[in-house]
Amino acid sequence: TQTHAEEAAALEQACQASLEGMAERVRAMAEEHTAAFAAQARENRDALVIQAQRHEALSAHAAAAAQARLDLLEREHAAGREAAAEAASKGEKERRERGESE
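Just so it is clear, the structure is predicted and the values come from calculations on it, not from any experiment.

Caption draft 1: Seen up close, the overall build of the protein chain. Scanning the protein chain for helices and strands turns up one helix and zero strands. Relative to the globule expectation of 13 Å for 102 residues, the C-alpha radius of gyration of the protein chain, 44 Å, shows a markedly less compact shape. Summarising its shape, the C-alpha atoms of the protein chain cover approximately 150 × 10 × 5 Å along the three principal directions. When the 102 residues of the protein chain are sorted by exposure, 1% land in the buried category. Put simply, the protein chain shows about 9,100 Å² of open surface, and 59% of that area lies on carbon and sulfur atoms. For the protein chain, the centre of its 13 positive side-chain charges and the centre of its 20 negative side-chain charges are spaced 15 Å apart.

Caption draft 2: Structural view of the pattern of salt bridges. Applying the stated criterion across every chain, the model contains three salt bridges. A salt bridge links Glu24 to Arg27, with the nearest nitrogen and oxygen atoms 2.9 Å apart. Here Glu24 and its partner Arg27 are both found in helix H1 (residues 4–101), three residues apart, which amounts to about one turn of the helix. Note on Arg27: relative accessible area 45%, which makes it partly exposed. Here Asp46 makes a salt bridge to Arg45, at a shortest N to O gap of 3.0 Å. Judged by relative accessible area, Asp46 falls into the partly exposed class, the value being 36%. A relative accessible area of 47% places Arg45 in the partly exposed class.

Conventions and cut-offs
- Residues numbered from 1 in each chain as written.
- Predicted model: local features only at pLDDT ≥ 70, side-chain atom pairs only at ≥ 80, totals over all residues.
- Heavy atoms only, no water.
- Helix = DSSP H or I, 4+ residues; strand = E, 2+ residues; numbered from the N terminus.
- Rg over C-alpha atoms; globule rule 2.2 N^0.38 Å.
- Buried < 20%, exposed > 50% of the residue type's maximum accessible area, 1.4 Å probe, protein only.
- Areas by Shrake-Rupley, 256 points an atom, 1.4 Å probe, with all protein chains shown as cover.
- Lys, Arg positive; Asp, Glu negative; His and termini not counted.
- Charge placed at Lys NZ, Arg CZ, Asp CG, Glu CD.
- Salt bridge = Lys/Arg side-chain N within 4 Å of Asp/Glu carboxyl O.

Everything listed is a geometric property; what it means functionally is a separate question.
This is the structure in structure tokens:
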């Protein structure tokens, strides 16, 4: 039969093995959690990068559209000024011609 000392040593050894097993399971769980957290962080980062690229592209597109609209308005304004100047010149010429014929 075992003595009390041998039983105590066996019990201590079993407890130590149990504690080591639990510690290993906790370490494995922590590693899994860390790996999952890191993977989620990478996915979130990638999604934010894609979103930022989309916003940048939309902003560039909007800026280009606004510039094109501004260019069109400037051309229309210049054409209107030119047409007004031609009409004024033509009106002045017609008034002079009528003045000379009278």
